[in-house]
Amino acid sequence: MSHTTMTGDTQPQGERRRSAFDPQQWWQRLTMDQKFGVYQLNKFGFELAFIRNLPTVGPLAVVRRNQEYATVNKQGEVDLKPQITIRN
């Protein structure tokens, strides 16, 4: 997985923050491959936090367990040590 930066002051081009979705709405936006990856991570205590739409990689599911993050790309590949910065 390539390095993805998400900072508080800069948003990837084309990204728009919208009102908060409930978890069911986020779940419906996942690809089938992402749903499988997120489901597997749920077994280890991770929960879907949000989806980030990035121009270079497409939709990226971000899951969280306490202060630990992981990502699932649109092909369902899990990255347990993503190179992302979470904005506050």
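Anyway, here's the lowdown on the structure attached to this text. Bear in mind the structure is a predicted one, so any value in this text is a computation, not a measurement. (Residues numbered from 1 in each chain as written. Predicted model: local features only at pLDDT ≥ 70, side-chain atom pairs only at ≥ 80, totals over all residues. Heavy atoms only, no water.)

### A word on the sheet that holds strand 3 (residues 68-72)
Which entries qualify depends on this criterion: Paired strands, as defined in this entry, are two strands with at least two bridges between them according to DSSP. Numbering goes from the N terminus for both helices and strands, where a helix is a DSSP run of H or I of at least four residues and a strand is a run of E of at least two. When checking whether two residues touch, look at their non-hydrogen atoms; a contact exists if any pair is within 4.5 Å. Throughout, an axis means a line fitted to C-alpha atoms (over the contacting stretch in the case of helices), and angles, computed between N-to-C directions, take values from 0 to 180 degrees.
Read from one edge of the open sheet, four strands run 1-2-3-4, paired in antiparallel fashion. Edge positions in the open sheet fall to strand 1 (47-54) and strand 4 (78-79), since each of these has one partner strand only. Pairing geometry for strand 1 and strand 2 (residues 58-65), over seven bridges, is antiparallel. Its bridge partner being in strand 2, asparagine 53 is matched across the sheet by proline 59. Set on the sheet, helix 2 (residues 32-42) makes contact with strand 1, strand 2, strand 3 and strand 4; between it and strand 2 the angle comes to about 10°.

### Considerations on the nonpolar core
The following threshold applies: Put simply, a nonpolar core is a bunch of buried Ala, Val, Leu, Ile, Met, Phe, Trp, Tyr and Cys residues held in one set by side-chain atoms that sit within 4.5 Å of each other. For each residue, the accessible area found with a 1.4 Å probe, counting protein chains only, is set against the maximum for its type, and the residue is called buried under 20%, exposed over 50%, and partly exposed in between.
Leu30, Val38, Leu41, Leu48, Ala61 and Val63 are the most contacted members of the largest nonpolar core, which has 15 residues in total. For this core, the elements supplying multiple residues, two or more each, are helix 2, strand 1, strand 2 and strand 3. Among residues more than four places away in sequence, those in contact with valine 63 are Val38, Leu41, Phe46, Glu47, Leu48, Ala49, Glu68, Tyr69 and Ala70.

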